[in-house]
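Architecture at a glance
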Amino acid sequence: MNEKNDDIYIYGDIQIKANKWGANYYLKSSYPVRHGQYSQIETPAYIFQFNLNGEIKLIQDKINAPLYPGEWFKRSMANDWTFYASPGYGATYHFMGEYYLPCFSYPTNAVFDDYIFNNERLEQALNAFKELIDRLKRLSTKGMPVEIESFLKSVTENNLDRLKHKGEDFHSILNSRISVLPPDTRHTDYDVIPIILSDGCLYNCGFCAVKSGQEFQVRSQQDILKQIKGLKTFYGDDLPNYNSLFLGMHDALNVEKELIEYTIETAVETFDIEHSKMLYPKLFLFGSVDSLLDADESLFETLNKMPFYTFINIGMESPDQETLDKLRKPLSADKVKKSFEKMLDINLAFDYVEITANFVIGSDLPDGHFSSIAELTKKEYLESHNKDLIMAITSMAAPKMHENYVKKGNIYLSPLIGDKSLKKMLKRFDELKKSGYLSMFMYLIQRL
Ligand code: SF4
């Protein structure tokens, strides 16, 4: 017999909760938090969470997950699955700045060997999802509330084949895959609407695994408008669950200010960001050492007035010349240091713009790489650059090992792909983190 209990609908051992609300902002928490509005179907073995298009977004395994409910699979709009592992909150926060460790189903620079994507478990979960769809198709709709009937219809239509095609449609709209998201997108659990402003990059560095190999080229305004319109249709009923944008690809900071402004304003209006179900909209983009050094103050003034908190991640890689040469990055260490100083200045000058820096980490990089990062992040250097950088601790969120800290400008360390000396690398990470006065985290390559 079918039962209705408040907003929970029970059909045999299937429990349906439609239009549930999670948190309306992205909070960092040691217990699992769901965000925005969604619907959920629970069976004895799994919890399936759906977005407002009726597309599966998250699967939580109630039986096989040893740390249930601390682990789950999440599907991106590009139809990639990520496994959120829970190796221990303290250690994960120390390395990632988050309480859960994302494990990817594709090759990346992941370093935590004990926590890898488990294909077998995903396959089991997806088989359970297929079985669920078959069962839902056989459910009698007699006496079923209209909203539940319509929700179940969209769930059964969005089977795995259809979702695969939707992932391909997503990349067709962008006319590209997104090979890497900025590290700062962790602040919205990687839930962003991407808009590609440019392709290629300035340096095409030898070591880089995410580059397209193309020369830097800016997209036309017409192309950008086409993407925005296409994305509005693609995100569909789930669009109000988003309030954050990623301006791609590797160096949107190198795009002329007017086009950046046009893109943001058009996206804000078209996606109706103001009425999103989520609070605190964020804007993310990558920049390069040269685009940061060339950027006019007026660009940051413009970004500072936008309805977003903007994060710009600069791929600096190393302040050490020997390391830059080894990485085959055609830049001087002097330029990298100047861009680092500009990052510090901008972070002090603008309340709603935050520049973050990305350096590589690897076990066999020259010692000069580590000593030069340590030099740039130590208290004496920061104070000599600008004494206002070091803030007195006023909150529990401040790093415990220092009396003072710098509020903005995280440093991300991106492991070099293929580095097998994990222990040595993590030891280096710890040493840098302990000696530095800027927050420091690992950066794993996540695509979209
Ligand atoms: S590190 Fe950045 S600039 Fe260098 S090739 Fe990769 S994307 Fe391009």
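Residues of helix 1 (residues 89–96) that are buried include every one of Thr92, Phe95 and Met96, and no others. Buried positions in helix 1, seen along its axis, are confined to an arc of 80 degrees and lie on one side of it. In the core, the buried residues of helix 1 are packed alongside strand 9 (101–104), helix 13 (422–435) and strand 20 (440–442). Looking one or two places after helix 1, you find Gly97, whose phi comes out positive at around 75 degrees.

Here the focus is the pattern of salt bridges. Tallied over the full model, the rule gives 22 salt bridges. Its salt-bridge partner being Lys74, residue Asp191 comes within 3.0 Å of it at the nearest N-O pair. Within this pair, whereas Asp191 is found in the loop between helix 4 (160–174) and strand 10 (193–196), its partner Lys74 is found in strand 7 (residues 72–75), the two being separated by 117 residues in sequence. The exposure classification of Asp191 matches that of Lys74, with both residues buried. Across the pair Asp80 and Arg177 runs a salt bridge, and its minimum N-O distance is 3.6 Å. Here Asp80 is found in the loop between strand 7 and strand 8 (81–85), whereas its partner Arg177 is found in the loop between helix 4 and strand 10, with 97 residues between them in sequence. Each of Lys57, Lys74, Asp189 and Asp191 takes part in salt bridges that share partners, so that together they form one network.

Most of strand 4 (residues 37–42) sits inside the fold, with six of its six residues counted as buried. Judged from the five bridges that link them, strand 3 (residues 14–21) and strand 4 form a sheet pairing that is antiparallel. Following the sheet pairing, Ile16 is matched in strand 4 by Ile41. Bridging between strand 4 and strand 5 (residues 46–50) involves four bridges; their strand directions are antiparallel. Residue pairing for strand 5: Gln40 is matched across the bridge by Gln49. Where strand 4 hands over to strand 5, the hairpin turn is made up of three residues, counted between the paired strands.

Throughout the structure, instances matching the rule amount to 22 aromatic pairs. Ring geometry for Tyr235 and Tyr242: centres 4.8 Å apart, planes at 80 degrees, overall edge-to-face. Here Tyr235 matches Tyr242 in class, with each residue buried. Relative to Phe311, the ring of Tyr309 lies with its centre 5.0 Å away and its plane at 55 degrees, an arrangement referred to as tilted.

The immediate surroundings of the ligand are formed by Cys201, Tyr203, Asn204, Cys205, Phe207, Cys208, Lys211, His250, Glu317 and Lys329. Taken together, the residues that form the shell around the ligand break down as five nonpolar, two polar and three charged.

Next up on the list: the sheet that holds strand 20. Sheet strands pair by backbone hydrogen bonding; their relative direction is either parallel or antiparallel. Taken in spatial order, the seven strands make up an open sheet running 10-13-14-15-16-19-20, and their pairing is parallel. On the outer flanks of this sheet lie strand 10 and strand 20, each paired with one strand and no other. With strand direction ignored, the average angle separating the axes of adjacent strands in the sheet is 25 degrees. Relative to strand 20, strand 19 (residues 411–415) runs parallel, the two being bridged by three bridges. Residue Tyr412 lies in a different strand from strand 20, and its bridge partner there is Phe441.

What counts and what doesn't
- Residues numbered from 1 in each chain as written.
- Predicted model: local features only at pLDDT ≥ 70, side-chain atom pairs only at ≥ 80, totals over all residues.
- Heavy atoms only, no water.
- Buried < 20%, exposed > 50% of the residue type's maximum accessible area, 1.4 Å probe, protein only.
- Helix = DSSP H or I, 4+ residues; strand = E, 2+ residues; numbered from the N terminus.
- Arc of directions from axis to C-beta.
- Contact = heavy atoms within 4.5 Å.
- Salt bridge = Lys/Arg side-chain N within 4 Å of Asp/Glu carboxyl O.
- Pairing = 2+ DSSP bridges.
- Phe/Tyr/Trp six-rings, centres within 6.5 Å; stacked < 30°, edge-to-face > 60°.
- Near = heavy atom within 4 Å.
- Nonpolar A, V, L, I, M, F, W, Y, C, P; charged D, E, K, R; others polar.
- Axes fitted to C-alpha atoms, helices over the stretch in contact; angles between N-to-C directions.

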